[in-house]
Amino acid sequence: MNTVCVRTPRTPGAIGLVEVRGDVGRLLKPILGRPLAPVGKLRRESFGDFDDGLVYRFAEDGAYCFPHAGPMVVRMLVDALVKQGADAQGMVAPAFPEAAGPTEAMLLATLANAASPRAIDLLIERGIREDSAAKPTAQDLKRSQQLDHLLSPPTVAIFGPPNAGKSTLFNALADQDVALVDAIAGTTRDHLEQLWVADGLVVRLVDTAGVHKSTGLEAAAIKRQVKLIETADLILTVANPDQDFLTPPNERSALRIGLQSDRGIHPKAELSLCVPKETTFTNLALAVREHFISDAVANHSGPWWYPAARALRNV
Ligand SMILES: Nc1nc2c(ncn2[C@@H]2O[C@H](COP(=O)(O)OP(=O)(O)OP(=O)(O)O)[C@@H](O)[C@H]2O)c(=O)[nH]1
Ligand SMILES: [Mg+2]
């Protein structure tokens, strides 16, 4: 079976580890642009036209690729391997010879792949590791599903009318100027995304263009972003003091945030922010983390039946 598996956390870092198993020579040749080196050789390679890094063939049927660890680069490498026929879901049994049993191996694999810093301590303290652990109760499963958000980043979309201050907020959270900020309404023409750590929970934060009527090419971009907003796990519905909050497509998971609070507090806001004066965004981070993982669950001492442990025990 041909498989590809990311062995490093899906957060920015220096080097990523992507493990390829199966017919590795055939899978990697089109991506590297030349035949794979023999077993035992570590060699510098180009990954398509999107990155370069190291490749180590540790067995006839196994290779480690070390690209740069930007989440986008890692995803492009995985996508390229999937295009060559590798199965990205197939590799569930990780090679952890130090594990006492299959459950502990799953725990180690989950630790290695967890997106959020908060997941590490929680998995070590409460993650199921005994093969003989008693089956989870309904309450255990309910709490575990909240904690699962720590493993792969949920999507959080910033949604609101033009000029609300969406990109200003997005940029401040990134602490860098990624999105376009301008006083002309409708400046952001497409969505942009980044990972943001909200009180120990990594989320995929998406900036969207102000919603307004449009035609042609721009309409296509807007259609795409409507879909993104519809499927987001949480929508931050924002408005400045002169604007009404828009009704998001899936309102049950929305948080209303009044922006530009230096110009007035929005009466309908659940949380008010003046982004340029914020330094820590503590309240926003807490509200976002609390949306996915309640304080009660975060502080509970019960077991965490992470997805791989549930799959192993069929629960
Ligand atoms: N007074 C004040 N102005 C702000 C604040 N935040 C943003 N602005 C200004 O509001 C204007 C619009 O900000 P953007 O962040 O571009 O708004 P946006 O919601 O991304 O707009 P579109 O992308 O066009 O939909 C800019 O001139 C910002 O400088 C704030 O907290 N206070
Ligand atoms: Mg914008």
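Now for a look at the structure at hand. (Residues numbered from 1 in each chain as written. Chains lettered and ligands numbered in written order. Predicted model: local features only at pLDDT ≥ 70, side-chain atom pairs only at ≥ 80, totals over all residues.)

**A closer look at the overall build of the protein**
- The secondary structure content of the protein amounts to ten helices and eleven strands.
- Within the protein, the proportion of its 315 residues that are buried is 34%.
- Partitioning the intrachain contacts of the protein with sequence separation of at least 6 by distance along the chain shows that 57% fall at a separation of at least 24. (Helix = DSSP H or I, 4+ residues; strand = E, 2+ residues; numbered from the N terminus. Buried ≥ 20, exposed ≤ 12 C-beta atoms within 10 Å, placed from the backbone. Contact = placed C-beta atoms within 7 Å.)

**Brief notes about the nonpolar core**
- Formed by 47 residues in total, the largest nonpolar core has its most connected members in Val156, Ala157, Ile158, Val203, Val238 and Leu259.
- Per-element accounting of this core gives the leading share, five residues, to strand β8 (residues 201-207). (Core = buried A, V, L, I, M, F, W, Y, C linked by C-beta atoms within 7 Å.)

**Description of helix α1 (residues 24-32)**
- Within the span of α1, buried status applies to Val24, Leu27, Leu28 and Ile31. Buried residues in α1, looked at end-on, bunch into an arc of 80 degrees, giving them a common side.
- Check the buried side of α1 and you find it contacts β2 (18-21), β3 (42-47), β4 (51-59), β5 (62-66) and α2 (71-83). (Arc of directions from axis to C-beta.)

**Some thoughts on the sheet that holds strand β6 (residues 155-159)**
- Pairing within the open sheet is mixed, and its six strands lie in the order β7-β8-β6-β9-β10-β11. The open sheet is flanked by β7 (192-198) and β11 (271-272), the only strands paired with a single partner. (Pairing = 2+ DSSP bridges.)

**Here we look at unusual backbone geometry**
- Even without a glycine there, the phi angle at Asn163 is positive, about 70 degrees.
- Structurally, the position occupied by Asn163 is in the loop between β6 and α6 (166-174).
- Positive phi, close to 55 degrees, is recorded for Phe281, a residue that is not glycine.
- Mapped onto the elements of the fold, Phe281 is located in the loop between β11 and α8 (282-292).
- A tally of 18 C-beta atoms within 10 Å means that Phe281 is categorised as partly exposed.

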